[in-house]
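Next come the chains, spelled out residue by residue.
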Amino acid sequence: MSNLIRSFTLAAITLAAFIPARAQSPTILRNATLIDGTGAPPREHVDITLRAGLIESIAPTAQSTPTGFTIVDCTGETVIPGRIPGFSEHRELEDLAASGLSPLQAITVATGSTGQLIHSLDPTLNVGLISPGYSADLIILTASPLADIRNTRHIAAVYHRGRLIPNPPPSN
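The present account deals with the structure reproduced in this document. (Residues numbered from 1 in each chain as written. Predicted model: local features only at pLDDT ≥ 70, side-chain atom pairs only at ≥ 80, totals over all residues. Heavy atoms only, no water.)

Moving on, we come to the overall build of the protein. Summing up its helical and strand segments, the protein has three helices and eight strands in all. Mapped from its N terminus to its C terminus, the protein presents α and β elements in the order α-β-β-β-β-β-α-α-β-β-β. Going through the 172 residues of the protein one by one, you find that 34% of them count as buried. Here the contacts in the protein between residues at least 6 apart in sequence split such that 63% fall between residues at least 24 apart. Per element, the accessible surface of the protein, about 9,800 Å² overall, is 60% carbon and sulfur. (Helix = DSSP H or I, 4+ residues; strand = E, 2+ residues; numbered from the N terminus. Buried < 20%, exposed > 50% of the residue type's maximum accessible area, 1.4 Å probe, protein only. Contact = heavy atoms within 4.5 Å. Areas by Shrake-Rupley, 256 points an atom, 1.4 Å probe, with all protein chains shown as cover.)

Written as structure tokens, this is what we have:
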């Protein structure tokens, strides 16, 4: 039964990738720690602005709140690039770390390097990094994956094309 549910979920996520994002208010992920997928050290206390399914800007955390924005408090949470669908990514990241890569190197290989390869094949696709102009595919974690790569399983929220993906608790 779990394989059937997994297959239906995978099909729904894959189908969602081809449905245009609906208009929504811009979102600010406030006061996050950012691992951007480039291999650079994490950036703490940043605001990530999402608009029209893209990352519009990344800046130091602001004290003011602009009108018309949805604010998501990410204090104490880490934002990493997301890959949709992503059922086996946790295990792949753990295997990369077990092979000798640091958690930062594993995240970079799984997201940024892959995104750069995809972009080199089709320059219209900007995925895999957290940078202005790139698709706002993000995972917000409640624990730092740099401390333990298994912390990628501690997911607070998932954004696909800038839209929060509802994640209701399992019914069982």
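In this structure, Leu29, Ile48, Leu50, Ile55 and Leu138 are the most contacted members of the largest nonpolar core, which totals 16 residues. For this core, the secondary-structure elements that each account for two or more residues are β1 (27–34), β2 (43–51), β3 (54–60), β6 (138–141) and β7 (155–160). Leave out the neighbours within four places in its chain, and isoleucine 55 touches Ile48, Thr49, Leu50, Leu129, Ile130, Ser131, Pro132, Gly133, Tyr134, Ser135, Ala136 and Leu138. In terms of nonpolar packing, the next biggest core, distinct from the first, is built from ten residues, Leu93, Ile107, Ala110 and Ile139 among them. (Core = buried A, V, L, I, M, F, W, Y, C linked by side-chain atoms within 4.5 Å.)

Summed over all chains, the structure comprises five salt bridges. Measuring nitrogen to oxygen at the nearest pair gives 3.0 Å for the salt bridge that ties arginine 30 to aspartate 47. On the criterion of sequence distance, the pair formed by arginine 30 in strand β1 and aspartate 47 in strand β2 is long-range, its members being 17 residues apart. For the pair shown, arginine 30 and aspartate 47 are each scored as buried. (Salt bridge = Lys/Arg side-chain N within 4 Å of Asp/Glu carboxyl O.)

Attention shifts here to helix α2 (residues 89–98). Buried within α2 are the following residues: Glu89, His90, Leu93 and Glu94. For α2, the buried positions fall inside an angular range of 140 degrees around the axis, keeping them on one side. Turned more than 90 degrees away from the buried face of α2 sit Arg91 and Ala98, all of them exposed. Taken from the residues just after α2, glycine 100 is the one with a positive phi, measuring 120 degrees. (Arc of directions from axis to C-beta.)

Let us look at helix α3 (residues 103–121). With 19 residues, α3 should cover 27 Å at 1.5 Å per step; its first-to-last C-alpha distance of 27 Å lies within 8% of that length. Considering bend angle alone, the principal kink of α3 is centred on valine 109 and spans about 40 degrees. Where α3 is buried, its residues contact β5 (78–81) and α2. (Expected span 1.5 Å × (residues − 1). Bend = angle between axes of the 7 residues up to and from the residue.)

For the rest of this paragraph, the subject is the pairing of β7. Along any regular strand, the residues point their side chains to alternate faces of the sheet. Across four bridges, β6 lies against β7 in antiparallel orientation. Bridge assignment links leucine 141 to a residue of β7, and that residue is isoleucine 155. With two bridges connecting them, β7 and strand β8 (residues 163–164) associate as antiparallel partners. The partner of histidine 160 across the bridge, within β8, is arginine 163. What sits between β7 and β8 in their antiparallel hairpin is a turn of two residues, with arginine 161 showing a positive phi close to 55 degrees. (Pairing = 2+ DSSP bridges.)

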